[in-house]
Amino acid sequence: MAVPVAFFALFFAYPVTAIVGRGLKAEGDWQFGRIGEVLSRPDILGVLWFTTWQALASTALTLLIALPGAYAFARFDFPGKQVLRAVVTVPFVLPTVVVGTAFLALLGRGGLLDELWGVRLDTTVWAILLAHVFFNYAVVVRTVGGLWSQLDPRQEEAARVLGAGRFAAFRRVTLPALAPAVAAAALMVFLFTFTSFGVVQILGGPAYSTLEVEIYRQTAQLLDLPTAAVLTLVQFAAVGGILAVHAATVRRRERALKLVDPAQTSRRPRGAGQWALLGGVLLTALLLILLPLGVLVERSFDGPGGYGFGYYEALQSVGAGGSSTFLVPPLEAVGNSLRYALVATLIALVIGGLAAAALTRRAGRLVRGFDALLMLPLGVSAVTVGFGFLITLDKPPLDLRTSWILVPLAQALVGVPFVVRTMLPVLRAVDDRLREAAAVLGASPLRAWREVDLPLVRRAVLVAAGFAFAVSLGEFGATVFIARPDNPTLPVAVARLLGRSGELNYGQAMALSTILMLVCAVSLLLLERIRTDRSGEF
């Protein structure tokens, strides 16, 4: 536990505490009265209301659209099922900047809807809600569908034999069994949409602002640290409560049901109703998932002189078309992102692997507190972490403000929870008697780990590495503060291009987003080949 605790204390607790302290201190004294002052402002109350409202609306809409897909993936066996499951999961590992860019190409000015029917939905709440459904569709499909595929269908069939109708059997037998999984999925979707940043910033325009966007605006544009500090505390408290409820729901789901092999529950659709349901799910995946991604790719090739590689070629030069957005060719962001993500993945594997190993040794409250510590980066604004890096890691012996390692360190903070959640169930499943037998035969603890644990968790390590790489590649909230102008990452480069007017900047943003999407998709497809959880849950 020592190394992970030291890592989180130095690169998470210290920067966050410092930035919040600067905002709530005046002349050395704490000014807690600022909390009430900030929370009583009408503009801040509006941000809090919109953040909560859009998260609730996004969650409800996602459940409404994704639950039929969860049933189809759980109960139906059809050609291309594994490929389609990978495709619908692509949005979840895409950076939010790419998601926003894809919907901008579909719904924004000059987008597909604008060209066909003269309809624009960017800078409206509907664009935000649809993008959130696109991003979180796979969360519901995999979380609920994974459990649904393991429920014994004979229980519902027995209710039908006893006289219950199809709907009554589902409501009284299946729905209560699925309720914890549905609640867990809803809480996760609410968490992701409550802390939404890139999607709202790109699609919402100045009219809409979530807590995360407002923290960025107050910090980077207005330099109002007191307001940003209060909003950070509010977001931290809210997300902490969400995570606590989510943890309780997951524990209930894990112990409430006796499950069966998913292979026993999947079959080809029967009857017109089931085929219609499957057709609707496929149509939804086409319109909701494939269409925005396809339009994104199409816009990246649609140059002023017709289709071609003009925008991709422009990525290789500085100031193409009179633009001074970058100090280096934008294409260098690809190499920067890959290098940063690889280093961040290595850091996350070391820190997360040590943490997971420590958590397998159950030691009461200490370990439970350590487990909660690992989840804290998901409950604190990434913008706060990034700005905290700048104001704290600028003095010897840790003067890292001009060092390239600062970006991978920030990205690793987001990757560690994914590593822990992937490796921990596998490590806990290793029989202690195997380690004891190795020790009896004379193996040292290190050799016992190498000969016993490592072969059993090798695939879990690869899955964890894939997730850590994907989330590191797409990290934006903290990186936008600390990425140097001469070494931008892909998400930062996309955001900079979208922030400038001009057809060339827009086309280059589409091209960079397409490259980033392809890299993330390849990572996901590799995950699908080596995943160890056959139920399909995250």
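Residues numbered from 1 in each chain as written. Predicted model: local features only at pLDDT ≥ 70, side-chain atom pairs only at ≥ 80, totals over all residues. Heavy atoms only, no water.

What follows concerns the overall build of the chain. Within the chain, the regular secondary structure consists of 23 helices and six strands. When each of the 538 residues of the chain is scored for burial, the buried share is 51%. For the chain, restricting intrachain contacts to residue pairs at least 6 apart in sequence, the fraction spanning at least 24 positions comes to 79%. Summed over its atoms, the accessible surface of the chain is roughly 24200 Å², and 63% of this surface lies on carbon and sulfur atoms. (Helix = DSSP H or I, 4+ residues; strand = E, 2+ residues; numbered from the N terminus. Buried < 20%, exposed > 50% of the residue type's maximum accessible area, 1.4 Å probe, protein only. Contact = heavy atoms within 4.5 Å. Areas by Shrake-Rupley, 256 points an atom, 1.4 Å probe, with all protein chains shown as cover.)

A few words now on the packing of aromatic side chains. Tallied over the entire structure, the rule returns 18 aromatic pairs. Through a chain of ring-to-ring contacts, the aromatic side chains of F7, F8, F11, F12 and F389 assemble into a single cluster. (Phe/Tyr/Trp six-rings, centres within 6.5 Å; stacked < 30°, edge-to-face > 60°.)

With that out of the way, let us pick up the pattern of salt bridges. Tallying each qualifying case throughout the model produces five salt bridges. E115 is the partner of R299 in a salt bridge, and the nearest nitrogen-oxygen pair spans 3.4 Å. Highlighted residues: R299 in helix α13 (residues 271–301) and E115 in helix α6 (residues 112–117), separated in sequence by 184 residues. Judged by its relative accessible area of 7%, R299 falls in the buried class. (Salt bridge = Lys/Arg side-chain N within 4 Å of Asp/Glu carboxyl O.)

Our focus in this paragraph is the side chain of T514. In this structure, T514 sits in helix α23 (residues 503–530). With residues up to four places along the chain from it excluded, the contact list for T514 reads L296, V297, S300 and Y312.

At L223, a position not held by glycine, the phi torsion is positive, near 55 degrees. A relative accessible area of 64% means that L223 is categorised as exposed.

The next thing to look at is helix α9 (residues 166–194). One turn of an α-helix holds 3.6 residues; hence residues three or four places apart share an orientation. Look at α9: only 36 Å from first C-alpha to last across 29 residues, short of the 42 Å you get at 1.5 Å a residue. Along α9, the largest kink reaches about 50 degrees and is centred on L175; proline P176 follows within four residues of it. (Expected span 1.5 Å × (residues − 1). Bend = angle between axes of the 7 residues up to and from the residue.)

Once that is clear, we can look at the packing of helix α19 (residues 432–440) against helix α20 (residues 445–474). In the contact formed by α19 and α20, the axes pass within 9 Å of each other and the chain directions differ by 155 degrees. By the criterion of interaxial angle, the relationship of α19 to α20 is roughly antiparallel. Note that α19 runs across α20; the crossing there is right-handed. Note on element contacts: α20 touches α19 through A448, V452, D453 and L456, opposite L434, R435 and A438. Its residues placed into classes, the contact of α19 with α20 shows five nonpolar, no polar and two charged. (Axes fitted to C-alpha atoms, helices over the stretch in contact; angles between N-to-C directions. Parallel < 35°, antiparallel > 145°, perpendicular 65-115°, else oblique. Left-handed = near helix turned anticlockwise from the far one by under 90°. Nonpolar A, V, L, I, M, F, W, Y, C, P; charged D, E, K, R; others polar.)

To continue, consider the side chain of E212. Locating E212 in the fold gives a position in helix α11 (residues 211–221). One buried charged residue, E212, forms no salt bridge at all, with the nearest opposite charge on R217 at 13 Å. Engagement of the side chain of E212 in a polar contact is seen with the side chain of Q235, the distance being 3.0 Å. Setting aside anything within four residues of it in sequence, one finds E212 in contact with T195, S196, F197, Q235, S381, A382 and V383. (Lys, Arg positive; Asp, Glu negative; His and termini not counted. Polar contact = N/O pair within 3.5 Å; in protein donor to acceptor, adjacent residues only side chain to side chain.)

The biggest cluster of nonpolar side chains holds 155 residues, and the ones touching the most others in it are F7 and F389. In terms of residue count, the dominant contributor to this core is helix α7 (residues 125–148) (16 residues). The residues touching F389, leaving out its near neighbours within four places in the chain, are F11, P15, L406, L409, A410, L413 and I482. (Core = buried A, V, L, I, M, F, W, Y, C linked by side-chain atoms within 4.5 Å.)

By the secondary structure assignment, L48 is in helix α3 (residues 42–75). Spatially, the C-alpha atom of L48 lies 9.2 Å from that of V234, the residues being 186 residues apart in sequence. Discounting chain neighbours no more than four positions away, the residues touching L48 are L39, L211 and V234.

Judged by side-chain polarity, L283, L286, L287, L290 and L291 come together as a nonpolar surface patch covering roughly 420 Å² of accessible area. Tracing the backbone through its elements, the reader meets L291 in helix α13. (Patch = residues over 30% accessible without salt bridge, like charges linked within 9 Å, V, L, I, M, F, W, Y side chains within 5 Å.)

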